[in-house]
Amino acid sequence: MSPDSAQQSNTPKIEPEEILEGILDWVEAESPTTDKDAVNKVADKVQGLYDGLGLAIERTPGRDGFGDIIRARTENASGEKGILVLCHIDTVHPIGVKDGALKIRREGDEVYGPGIYDMKAGAYLPYYAYRHLQRLGRKTSLPVTFLYVSEEEVGSPMSQEFIEEEARKAKYVLVTEPARDGGKVVVARKGVGRFTMTITGRPAHAGARYEDGRSAISELANQIKAIDALVDLERGVTTNVGIISGGTAVNVVARDVVAEIDLRVLTKADGEEMTAKILGLKAQNPDVTVEVTGGMNRPPMEATDASMKLFEHAKACAAEAGFELEATETTGGGSDGNFTAALGVPTLDGLGADGEGAHTLEEKIYFSSLEPRAKMWVRLLETLE
Ligand SMILES: [Zn+2]
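Chemist: Account for the packing of helix 2 (residues 36-52) against helix 3 (residues 116-135), with residues named and values stated.
Modeler: The N-to-C vectors of helix 2 and helix 3 enclose an angle of 15°; their axes lie 11 Å apart at closest approach. The angle between helix 2 and helix 3 falls in the class roughly parallel. The two elements helix 2 and helix 3 cross, and the hand of that crossing is right-handed. Only Lys 120, Tyr 124, Pro 126 and Tyr 127 of helix 3 make contact with helix 2, whose side of the interface consists of Val 42, Leu 49 and Tyr 50. In terms of residue class, the contact of helix 2 with helix 3 is built from six nonpolar, no polar and one charged.

Here it is in structure tokens:
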């Protein structure tokens, strides 16, 4: 029997309007990663809700200008390995977009708002599902820890250690990042590397003393060609020089230039190889210095037998909820799921709401995805063992 087929009027039901109301309360509280106080306002809401369900709350103050980390735990007297539900409460959108370029609004099935898709809707769903189970008087088979981090959008530099600490205590990790193209979940993700290249040349007046100059910008042009040459689409390796800055005036041979480089790989081995190549880039002009720092920021999340089994289980839960759950081809995006998968813990990502436009001013969810996804969450939490 499906969990919600009970028809008595006093049996709690999953109400999509109520889910949306809860999500929008979190979306209204805009929370760019870099605004600690704003992020903490969402942390307050998360804490309040789980507190209301009687879970044990652990709130870890943020460091380095980031907001706080919330952990809410169900009872676990025996200390057995359980389910880690992994969420983030920060967004990439600056304060104020909800009143301007990304107004919070509903247009038919589409609900727009900053961070609604990535990932406030996803972060709210497991809370709602767990509350629903409680109201039905049912329990999860395994203990559950709900972890809400505050700086995922910049690579979780502060919370990585907490994520890994919790993952080591987990049998499964469920990540509430947005569902992909058509509601798909993610069983494999590329790893992400980040590098900074600093080039120092020799400045000179571009007219009077041109011969004395050694242009850092010209050197960078050559370096970019070398970096682009590392791309191997068939192997799933990409590099991207995404930000460059340098130079002081149009009539000055530039002394300084800085470039930021993004690397994506499918396997750990590729990550090591490409990292060595990028760190080993040498100046092509002997009078100029090139220095590269950085490394892998998130390891790849490779699909394993155990993670595929977890996917099959989620698929069965989705079927009970009335929809077919599919997995994407490997996605290029990284998430905190990469950290947990790297520890060998079966990890399923993309369990948030369906929608579109993460990190853009067209960010939205599909209202119609909330009810089936919430039902899937109820069954996932209840049946994983
Ligand atoms: Zn996200």
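Having seen the structure, we can now continue with the description.
Chemist: Describe in detail the coordination of the zinc ion, supporting the description with residues and values.
Modeler: Distances from the zinc ion to its protein donors, namely His 88 (NE2), Asp 118 (OD), Glu 177 (OE) and Glu 177 (OE), fall within the range 1.8 to 2.7 Å. Geometry at the zinc ion is irregular, judged from the four donor atoms that bind it and their angles of 52 to 147° at the metal. If you list the donors of the zinc ion from N- to C-terminus, the spacing comes out as H-x29-D-x58-E. You can see His 88 sitting in strand 3 (residues 82-88) and its partner Asp 118 sitting in helix 3, a full 30 residues away along the chain. On the basis of relative accessibility, which here comes to 0%, the residue His 88 falls in the buried class.

Chemist: Describe the environment of Lys 315, with residues and values.
Modeler: Mapped onto the elements of the fold, Lys 315 is located in helix 7 (residues 305-320). Accessibility expressed as a relative area gives 26% for Lys 315, which makes it partly exposed. Other than its neighbours up to four places away in sequence, Lys 315 contacts Glu 324 and Leu 325.

Chemist: Outline the sheet that holds strand 13 (residues 289-298), listing residues and values.
Modeler: Across a sheet, paired strands are connected by hydrogen bonds in the backbone, their directions being either parallel or antiparallel. Spatial strand order, 10-12-8-13: four strands in an open sheet with antiparallel pairing. Edge strands, defined here as strands with exactly one partner in the open sheet, are strand 10 (238-246) and strand 13. Strand-to-strand, the axes of this sheet are offset by a mean angle of 15°, without reference to chain direction. Sheet topology places strand 8 (residues 191-200) next to strand 13; nine bridges connect them, and they run antiparallel. Within strand 13, the position partnered with Arg 194 by the bridge is Gly 295. Those strands touched by helix 6 (residues 268-279) are strand 8, strand 10, strand 12 (256-265) and strand 13, and its axis lies near 160° from that of strand 13.

Chemist: Tell me about the pairing of strand 3, and name the residues and values.
Modeler: Within strand 3, seven of the seven residues are buried, which leaves it mostly tucked inside the rest of the structure. Summarising the sheet, strand 3 and strand 7 (residues 170-175) pair through five bridges and their orientation is parallel. The residue bridging Ile 83 from the neighbouring strand is Tyr 172, located in strand 7. Of the pairings in the sheet, the one linking strand 3 to strand 6 (residues 144-149) comprises six bridges and is parallel in character. The partner of His 88 across the bridge, within strand 6, is Val 149.

Parameters and conventions
- Residues numbered from 1 in each chain as written.
- Predicted model: local features only at pLDDT ≥ 70, side-chain atom pairs only at ≥ 80, totals over all residues.
- Heavy atoms only, no water.
- Axes fitted to C-alpha atoms, helices over the stretch in contact; angles between N-to-C directions.
- Helix = DSSP H or I, 4+ residues; strand = E, 2+ residues; numbered from the N terminus.
- Parallel < 35°, antiparallel > 145°, perpendicular 65-115°, else oblique.
- Left-handed = near helix turned anticlockwise from the far one by under 90°.
- Contact = heavy atoms within 4.5 Å.
- Nonpolar A, V, L, I, M, F, W, Y, C, P; charged D, E, K, R; others polar.
- Donors = N, O, S within 2.8 Å, 3.2 Å for Na, K, Ca; no water.
- Tetrahedral: all angles 85-135°; square planar, octahedral: opposite > 155°, others 65-115°.
- Buried < 20%, exposed > 50% of the residue type's maximum accessible area, 1.4 Å probe, protein only.
- Pairing = 2+ DSSP bridges.

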